Amino acid sequence: MNIHEIYIKRCIQLAQNGLGTTYPNPMVGSVIVYENKIIGEGWHRIAGEPHAEVLAIKSVKDESLLKYSTIYVSLEPCSHYGKTPPCSDLIIAKGIKKVVIGSVDPFAEVSGRGIKKLLDAGCEVQVGILEQECHGLNKRFFTYHQKKRPYIILKWAQSQDNFIAPEKQEKREPVWITNPHSNQLVHKWRSEEQGIMVGTQTAEADNPKLNTRLWDGPDPVRIVLDRKLRIPKDSALFDGSIKTIVFTEDFEKASAKKNLIFEAIDFNGEITKQISEVLFQHEIQSVIIEGGAKTLQTFIDAGLWDEARVFTGKIQLQRGIKAPVFSGKIISEKDIGSDNLKIYSND
């Protein structure tokens, strides 16, 4: 690993602190280096607040060193006025002449323009350092802007004998297959994504809240498939506490209220494509699909998913609802107490 890669890697580490809090902006980290020593660093925390480069520059105690320093940033500095001024302008104004960038920003208002502005101002710019890692850091942001849809994560827990739920549930609540540590991890994941989706059967059987009650973080937008509006109106999903989008074909019977939005789609058409298009319009960059089996399998069969996170618990159900059938590339595997977690990519 060369010196530029070391500092861009640090930028990535810093940027990851913003996972779940920067939407709709990307995660970005920045460091400033003078004579092979980091003298400033920062990361973007919340949309509307200062960007990584601004915070990195602000953290430098002796600004006179900036004109002799190199600024590293995981994503191309912005060149447009949004909620904050352009970072490329600030870099130029501070006299920083060397800029090293991980990846180009795919956002139309930035893409290549920040780099051009820096070059036109006489800056020495290097682009594409650890580009794949920087792309992976903002896989949600890149998918949203390049594919015009959310980054889609499938998630389920299955028993040792490959069932995700019993045939019948005595109570209207989840049947836990995984241990409390895995359950808490799932809530952490929820805080990192913008949306979470379940189908009608899961909503009816489990009465889920789909919030982050086991983790300190933002709640995702709840997304529900309810073709015939069968889900009871007193369900936790409709308590008005969190923005909830319901996909239905009985749009005329829908009754919108606080934090409850109904969207009409054709359930006889390409459901996954329609859902993705509507979520894109709602500016949702990522969604976890937590069930049930039919909903998960629909996305699998359409090939419309990016990542699958599959827990296998130690229990056996003997019979019940079969786990989804799919194929993917295992990108990581670990044990969480008695549970096994495999994460797959859709390659």
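Reading the values: the criteria
Residues numbered from 1 in each chain as written. Predicted model: local features only at pLDDT ≥ 70, side-chain atom pairs only at ≥ 80, totals over all residues. Heavy atoms only, no water. 1 Å grid on protein atoms, 1.4 Å probe; cavity = no way out; pocket = protein on both sides within 12 Å on 5 of 7 lines; lining within 4 Å. Points joined across faces, edges and corners; volume = space filled by probe spheres on them. Nonpolar A, V, L, I, M, F, W, Y, C, P; charged D, E, K, R; others polar. Helix = DSSP H or I, 4+ residues; strand = E, 2+ residues; numbered from the N terminus. Expected span 1.5 Å × (residues − 1). Buried < 20%, exposed > 50% of the residue type's maximum accessible area, 1.4 Å probe, protein only. Arc of directions from axis to C-beta. Contact = heavy atoms within 4.5 Å. Polar contact = N/O pair within 3.5 Å; in protein donor to acceptor, adjacent residues only side chain to side chain. Patch = residues over 30% accessible without salt bridge, like charges linked within 9 Å, V, L, I, M, F, W, Y side chains within 5 Å. Areas by Shrake-Rupley, 256 points an atom, 1.4 Å probe, with all protein chains shown as cover. Salt bridge = Lys/Arg side-chain N within 4 Å of Asp/Glu carboxyl O.

You'll find the protein chain entered in an unreviewed UniProt entry as Riboflavin biosynthesis protein RibD, with Salegentibacter flavus given as the organism.

(A) Representation of empty space enclosed by the protein in the model. With the rule as written, the count across this model stands at one cavity of 30 Å³ or more. There is about 60 Å³ of room inside the largest cavity. Lining the largest cavity are 13 residues, and of these T22, Y23, M27, N138 and R140 sit closest to its centre. Looking at the lining of the largest cavity, its residues break down into six nonpolar, six polar and one charged.

(B) Quick look at helix α1 (residues 3-15). With 13 residues, α1 ought to run about 18 Å at 1.5 Å a step, and its terminal C-alpha atoms sit 19 Å apart, in line with that. When α1 is considered as a whole, its buried residues turn out to be Y7, I8, C11, I12, L14 and A15. Looking down the long axis of α1, one finds its buried residues gathered within 165 degrees of arc, a one-sided arrangement. Each element contacted by the buried residues of α1 is listed here: β1 (29-34), β2 (37-43), β3 (70-75), β4 (98-103) and α5 (131-137). Structurally, the start of α1 carries an N-cap: the backbone nitrogen of H4 is 3.0 Å from a side-chain oxygen of N2.

(C) Representation of a nonpolar patch on the surface. Taken together, the side chains of M1, I3 and I6 make up a nonpolar region of the molecular surface, amounting to roughly 300 Å² of accessible area. Here I6 shows up in helix α1. For I6, a relative accessible area of 41% corresponds to the partly exposed category.

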